[in-house]
Amino acid sequence: MLSNTSTYPKARRVLNNYKRYVVSQSKRNLSMGRMVRGERKSYKASSKLHKSIKGYITGKMNRSISGKFTGGSNMPGLTFEMANYGKFVDEGVHGSKSSYIANKDSKNRFQGKKSVPLGPIRKWCKKKGISTKLAFVIGKSIYEKGIKASHFFTKPLEKRDKTFKRAYHNAVADDIARNFANKIQRKLLKSKTVKRTI
């Protein structure tokens, strides 16, 4: 009986290409920013979020005693990660009093306190050359109006989603078919050599 022991090389290439595209475009979107009063403003106040965007191809592969990959039933998948606050920059946050239209799909909302944490705002003020005395006013404004969604990550993720899924499924099917074809070919060659020696 034949079993699938593919390491899914073609599927891993498809995942790797999609991963590189999403990560590079997300970083580019963060750096490019948005238009504010006719000027382009970057979302990137520091490089922390920019550096934290990563993608990992997952899927445990079985190894033989000699250390060679023998495949397995776990198909490779793709996981993205970034700094926790990246979710709020991407999806946006509804304010306590109003919200941006871009935030309509966001589940994030300011609740409870009357302001956002002031520590990060003070750091931002110092970087921008603004008096840290304004941190409370800025924090209260952010709390009431919310944070506008940038979709820096969502846009590249969804842009090639359909073509990626189609390519991935085709690649998995090809990898499995190639794996079985190679096994059948090996069995046929083995049976031919056995017959000749008898």
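On a predicted model such as this, the values are computed, not experimentally measured, just so you know.

Let us look at the overall build of the chain. When helices and strands are counted, the chain shows 7 helices and 8 strands. Classification of the 198 residues of the chain by burial places 29% in the buried group. At a minimum sequence separation of 6, the contacts of the chain that also span at least 24 residues come to 66%. As displayed, the chain has an accessible area near 13900 Å², and 55% of this comes from carbon and sulfur atoms.

For the structure on display, the rule yields 4 aromatic pairs. When the centroid spacing of 5.5 Å and the interplanar angle of 75° are considered together, the rings of Phe80 and Phe153 count as edge-to-face. Remark: Phe153 occurs in the loop between strand E8 (146–147) and helix H6 (154–159) and Phe80 occurs in strand E6 (residues 77–81); sequence separation between them is 73 residues. Classification of Phe80 as partly exposed rests on a relative accessible area of 21%. Classification of Phe153 by relative accessible area gives buried; the value is 12%. Members of the aromatic cluster, each reached through a chain of ring pairs, are Tyr18, Phe164 and Tyr168.

Below, the discussion takes up helix H1 (residues 9–32). For H1, which comprises 24 residues, the first-to-last C-alpha distance of 34 Å matches the rise-based estimate of 34 Å (1.5 Å per residue) to within 8%. Every buried residue of H1 is listed here: Ala11, Val14, Leu15, Tyr18, Lys19, Tyr21, Val22, Val23, Ser26, Asn29 and Leu30. Remark: Gly33 follows H1 within two positions and exhibits a positive phi of approximately 75°.

This part is about a positive patch on the surface. There is a patch of like positive charges on the surface, built from Lys48, Arg122, Lys123, Lys126, Lys127 and Lys128. Take Arg122: it is sitting in helix H4 (residues 118–128). Its relative accessible area of 40% is what places Arg122 among the partly exposed residues.

This part covers the nonpolar core. The biggest cluster of nonpolar side chains holds 19 residues, and the ones touching the most others in it are Ala11, Leu30, Leu49, Phe152, Phe164 and Tyr168. For this core, the elements supplying multiple residues, two or more each, are H1 and helix H7 (161–197). The element contributing the most residues to this core is H1, with 8 residues.

Moving on, we get to unusual backbone geometry. The phi angle at His151 is positive, at roughly 55°, despite the residue not being glycine. With respect to the element layout, His151 can be found in the loop between E8 and H6.

Moving on, we come to a nonpolar patch on the surface. Together, Leu134, Phe136 and Val137 line one region of the surface with nonpolar side chains, adding up to about 290 Å² of accessible area. Take Val137: it is sitting in helix H5 (residues 135–145).

Let's shift gears to the environment of Pro9. Among the structural elements, Pro9 can be located in helix H1. Given a relative accessible area of 40%, Pro9 falls into the partly exposed group. Separated by 67 residues in sequence, Pro9 and Pro76 place their C-alpha atoms 9.5 Å apart.

Per-residue pLDDT for the chain averages 82, and the proportion of residues at 70 or more is 80%. Across the chain, element-level confidence peaks in H6 with a mean pLDDT of 93 and bottoms out in strand E5 (residues 69–71) with 53.

Within the secondary structure, Gly86 is located in helix H3 (residues 86–91). Along the primary structure Gly86 and His50 are separated by 36 residues, whereas in three dimensions their C-alpha atoms are 9.1 Å apart. Residue contacts for Gly86: discarding those within four places in its chain leaves Leu49 and Phe152.

This brings us to the packing of H4 against H5. Contact geometry of H4 with H5 gives a least axis separation of 9 Å together with a crossing angle of 120°. Considered as vectors, H4 and H5 are oriented oblique to each other. Regarding H4 and H5, the two cross each other, and that crossing is right-handed. Contact residues: Leu118, Ile121, Arg122, Trp124 and Cys125 in H4; Ala135, Phe136, Ile138, Gly139 and Ile142 in H5. Its residues placed into classes, the contact of H4 with H5 shows 8 nonpolar, 1 polar and 1 charged.

Rules used in this analysis
- Residues numbered from 1 in each chain as written.
- Predicted model: local features only at pLDDT ≥ 70, side-chain atom pairs only at ≥ 80, totals over all residues.
- Heavy atoms only, no water.
- Helix = DSSP H or I, 4+ residues; strand = E, 2+ residues; numbered from the N terminus.
- Buried < 20%, exposed > 50% of the residue type's maximum accessible area, 1.4 Å probe, protein only.
- Contact = heavy atoms within 4.5 Å.
- Areas by Shrake-Rupley, 256 points an atom, 1.4 Å probe, with all protein chains shown as cover.
- Phe/Tyr/Trp six-rings, centres within 6.5 Å; stacked < 30°, edge-to-face > 60°.
- Expected span 1.5 Å × (residues − 1).
- Patch = residues over 30% accessible without salt bridge, like charges linked within 9 Å, V, L, I, M, F, W, Y side chains within 5 Å.
- Salt bridge = Lys/Arg side-chain N within 4 Å of Asp/Glu carboxyl O.
- Lys, Arg positive; Asp, Glu negative; His and termini not counted.
- Charge placed at Lys NZ, Arg CZ, Asp CG, Glu CD.
- Core = buried A, V, L, I, M, F, W, Y, C linked by side-chain atoms within 4.5 Å.
- pLDDT = per-residue confidence, 0-100.
- Axes fitted to C-alpha atoms, helices over the stretch in contact; angles between N-to-C directions.
- Parallel < 35°, antiparallel > 145°, perpendicular 65-115°, else oblique.
- Left-handed = near helix turned anticlockwise from the far one by under 90°.
- Nonpolar A, V, L, I, M, F, W, Y, C, P; charged D, E, K, R; others polar.

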